[in-house]
Amino acid sequence: MKKRRLWLVAGVLLTLVLSGGILLLPYGGTDAAAKKAGAVSSNDVYVLSKIIHGEARGETYLGQVAVGAVIVNRVKNPNFPNSVYGVVFEPGAFTAVSDGQYYTNPSSSAVKAAQSAINGWDPSGGALYYWNPSTSTSRWIWSRRIIARIGKHVFGR
Amino acid sequence: MARFNLDKLKFDRYRKWIIPGLLVVALAAVGIWGYREYYDRQKLQNRAESQYQLSFHELSWHVEMISGQLAQLIVSSSREQNVLGLATVWRQVFAAQANIGGLPLAFVPLSKTEKFLADTGEVSFALLSRVTQSKEGLADQDVKIIAELYDRAKVLKNELGGMAAQILNRQLSWTQVEVAASQSNAELEDNTIVDGFQLMEKKMEEYPEIDLGGDFTQVKHDVKKVDGDTEVSPERAIEIAQKWWFGEQDKHTGNLAYEGVGDVPTYGLEFAPLSGEAENTPVYIDVSKLDGTILWAMRPKTITGANIDLSDGERRGLAFLQARGFNDMVLVKVEQQDTMGVYTFVPRQNEVLLYPDQVKVQVALDNGEVTGYEGTPFYMFHKDRALPLAALSEAQLKKQISPNLKVELIRPALISNYWGKEILVWEVRGSYAEEKFVLFYNAITGSEEEISRITPAQKFEFTVSA
């Protein structure tokens with residue numbers, strides 16, 4: 001009898017704490033392991049490295065530079081926004097921005113790839129688009145002319 | 001004692017209500033939580049929607065301004081009005097482009113519409129720079145091009161205006177466009193807003209491409225075929241690349257990683273590291289299929305720190321180039337990026353620096369190893385040129401330079417302007433306060449062709465994931 005009452009009291013308390021917790025706790029983000037790693041000379045290199053990390057984390061260095069080069073090529077192309085920021089944050093243009101993966105810290109490989117891409121290294125050969133054939137749902141993208149395949153990505157324009 | 005009994009009595013009486021009570025509390029908590037989630041989500045969605053509405057209405061408004069301003073340019077005969085009008089068009093085009101970039105239309109092909117804005121921007125910029133440099137206003141030829149742009153602007157204006165009315169009257173939502181676009185392409189066809197943009201694009205397609213004339217179009221360069229039309233085989237490309245990067249007596253084995261069919265058809269080669277090597281990084285080398293020229297190379301090794309300075313790095317970079325047959329190269333730009341030095345060299349013809357034919361070399365500042373080479377511009381543009389003689393002497397030039405500029409260096413050079421046309425110039429480097437500049441004066445006409453600030457950008461610390 002006494003034991004059951006104890007369970008009941010514990011149950012009441014637990015429910016109150018849980019519901020209170022759900023209502024009162026602020027939404028929190030988690031801090032991933034991070035370290036200071038150096039200096040870049042401009043924000044656009046850093047933004048570029050974040051999008052490379054978000055979009056091509058699993059790719060080789062070559063594949064990462066190629067993704068960065070596509071963004072640099074878009075900035076230079078009159079049919080796309082005129083800055084790295086405009087291209088990266090164009091609504092719906094990059095999955096990594098839409099699903100928030102962009103907001104994690106880039107790897108040092110992504111930073112190096114971004115620097116190479118900004119400096120003019122372009123493994124894609126002037127591509128304006130890239131997509132992953134196994135996950136891409138857009139049919140329109142296949143109307144682009146394919147100019148290179150690097151890792152999981154197809155590059156076209 | 002008595003009190004305890006009383007409590008016990010009460011407790012027993014209300015006992016059957018305890019579990020339903022708890023459920024009610026829990027349900028209420030979940031309900032409140034759910035409503036709050038919904039409310040927050042709604043707030044964010046409204047925020048996104050208002051951002052899209054802003055971009056769209058501004059786009060419509062800017063296009064209206066552009067068409068009005070183009071019409072004014074057609075009827076105006078005053079040079080001063082021309083300058084103001086062209087500057088306004090140029091500015092409005094920039095704003096309209098930013099507005100399109102703010103709309104969730106990444107998967108709706110709008111290339112004709114974007115091409116129109118780009119053309120209008122190019123033309124207004126070109127005419128603006130010409131009109132400001134001369135005493136003449138717009139010529140008949142210019143007005144004809146502007147009239148063609150105006151025709152297209154009118155179509156855009158009407159379509160956007162119609163869409164704006166629909167969006168306002170029928171309360172269409174941009175966030176729905178965004179949701180549809182992120183789900184699948186099939187549903188996009190049933191969306192009124194997307195239909196509107198696709199219709200606009202169709203109407204723009206009916207207009208032929210504008211012939212902007214020699215002044216406004218980018219100069220197109222032919223890709224070199226040095227050894228005729230026979231392509232280099234992948235095996236031959238690997239052999240060439242290996243000797244070029246590693247040297248004659250080398251044991252690295254390369255394989256074809258990919259083939260590029262962009263501006264220059266290429267073999268993308270990958271040379272795996274040897275088993276005994278300190279670090280496991282491959283070397284990537286891109287070779288032109290047409291004649292086996294190395295376009296670029298990179299070795300993404302980890303750089304442990306900066307032990308040598310930028311001028312040491314420069315010597316290493318220059319030696320790397322000399323060993324590969326680049327004999328008379330001049331350093332024109334150096335930039336330290338973290339622990340890496342990035343050097344831009346240009347070749348010389350007689351005393352003239354050939355800026356279009358640049359090569360870049362990356363040097364790791366820990367041990368001075370070259371980790372990257374980029375020679376695509378050199379490959380595309382380098383040739384023996386028939387250079388004109390400067391009509392403007394150095395003494396004449398000096399009189400023209402602003403007294404505010406502390407001149408450090410003057411030398412003859414060849415640059416390619418905004419449209420890729422090559423111009424013989426005097427290069428003047430100098431400074432004002434802590435700012436550094438490069439100025440290019442046309443060596444034939446004396447006009448200041450280009451000025452750029454080359455003060456090193458401020459560095460800031462960044463974070464990488466471990």
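Our structure is the block above this text.
Calculation notes
Residues numbered from 1 in each chain as written. Chains lettered and ligands numbered in written order. Predicted model: local features only at pLDDT ≥ 70, side-chain atom pairs only at ≥ 80, totals over all residues. Heavy atoms only, no water. Helix = DSSP H or I, 4+ residues; strand = E, 2+ residues; numbered from the N terminus. Buried < 20%, exposed > 50% of the residue type's maximum accessible area, 1.4 Å probe, protein only. Contact = heavy atoms within 4.5 Å. Areas by Shrake-Rupley, 256 points an atom, 1.4 Å probe, with all protein chains shown as cover. Polar contact = N/O pair within 3.5 Å; in protein donor to acceptor, adjacent residues only side chain to side chain. Core = buried A, V, L, I, M, F, W, Y, C linked by side-chain atoms within 4.5 Å. Expected span 1.5 Å × (residues − 1). Buried area = accessible area lost by both parts, 1.4 Å probe. Salt bridge = Lys/Arg side-chain N within 4 Å of Asp/Glu carboxyl O. Nonpolar A, V, L, I, M, F, W, Y, C, P; charged D, E, K, R; others polar. Pairing = 2+ DSSP bridges. Axes fitted to C-alpha atoms, helices over the stretch in contact; angles between N-to-C directions.

Draft legend 1. Structural context of the overall build of chain A. Helix and strand counts for chain A stand at 6 helices and 4 strands. Element order for chain A, N to C, with α for helix and β for strand: α-β-α-α-α-α-α-β-β-β. Across the 157 residues that make up chain A, the buried fraction comes to 51%. Across chain A, the fraction of contacts at a sequence separation of at least 24, relative to all contacts at a separation of at least 6, is 63%. In the structure as shown, chain A presents an accessible area of about 7,600 Å², 61% of it carried by carbon and sulfur atoms.

Draft legend 2. Examining the side chain of D291 of chain B more closely. All names here are of chain B. Mapped onto the elements of the fold, D291 is located in the loop between β3 (283-288) and β4 (294-298). Its relative accessible area of 12% is what places D291 among the buried residues. Polar contacts involving the side chain of D291 include one to the side chain of S288, which spans 3.5 Å. Only 2.9 Å separates the side chain of D291 from the side chain of T293, close enough to count as a polar contact.

Draft legend 3. Geometry of the nonpolar core. By size, the foremost hydrophobic cluster in this structure holds 49 residues, and its most contacted members are L48, I51, V88, F94 and F155 of chain A together with W296 and M298 of chain B. If one sorts the elements of this core by residue count, helix α3 (residues 61-76) of chain A sits on top with 8 residues. If you look at the next biggest cluster of nonpolar residues, it comprises 43 residues, including L117, L128, V131 and M200 of chain B.

Draft legend 4. Structural view of helix α8 (residues 234-245) of chain B. Residues and elements named next belong to chain B. In this model α8 runs 16 Å from its N-terminal to its C-terminal C-alpha over 12 residues, within 8% of the 16 Å that 1.5 Å per residue would give. If you check which residues of α8 are buried, you get A237, I238, I240, A241, Q242, W244 and W245. In the core, the buried residues of α8 are packed alongside β1 (254-261), β2 (265-271), β3, β4, α9 (310-323) and β9 (370-374). Looking at the residues trailing α8, positive phi occurs at G247, about 110°.

Draft legend 5. Main features of the interface of chain A and chain B. Tallying the contact residues gives 62 residues for chain A and 65 residues for chain B. Summing both sides of the interface, chain A and chain B together bury roughly 5,800 Å²; the carbon and sulfur share of this comes to 60%. Connecting chain A to chain B are 1 salt bridge. R157 of chain A is the partner of D263 of chain B in a salt bridge, and the nearest nitrogen-oxygen pair spans 3.2 Å. Secondary structure elements with two or more residues in the side of chain A that touches chain B: α1 (2-24), β1 (34-40), α2 (43-56), α3, α6 (108-118) and β3 (146-150) of chain A. Counting residues per element, the side of chain A that touches chain B draws most heavily on α1 of chain A, which supplies 10 residues. Considering only residue class, the side of chain A that touches chain B consists of 29 nonpolar, 22 polar and 11 charged.

Draft legend 6. Spatial organisation of the sheet that holds strand β4 (residues 153-156) of chain A. Residues and elements named next belong to chain A. Reading across from one edge, β2-β4-β3 is the order of the 3 strands in this open sheet, with antiparallel pairing throughout. Each of the sheet's edge strands pairs with one partner strand only, and the pair in question is β2 (129-131) and β3. Looking at each pair of strands side by side, their axes are set apart by 25° on average, direction ignored. In the sheet, β3 pairs with β4 via 4 bridges, with the strands oriented antiparallel. Its bridge partner lying in β4, I150 is registered against H153.

Draft legend 7. Representation of the side chain of Q97 of chain B in the model. Relative to the helices and strands, Q97 of chain B resides in helix α2 (residues 79-101). In contact with Q97 of chain B, not counting residues within four places along its chain, are P78 and N82 of chain A together with L117 and A118 of chain B.

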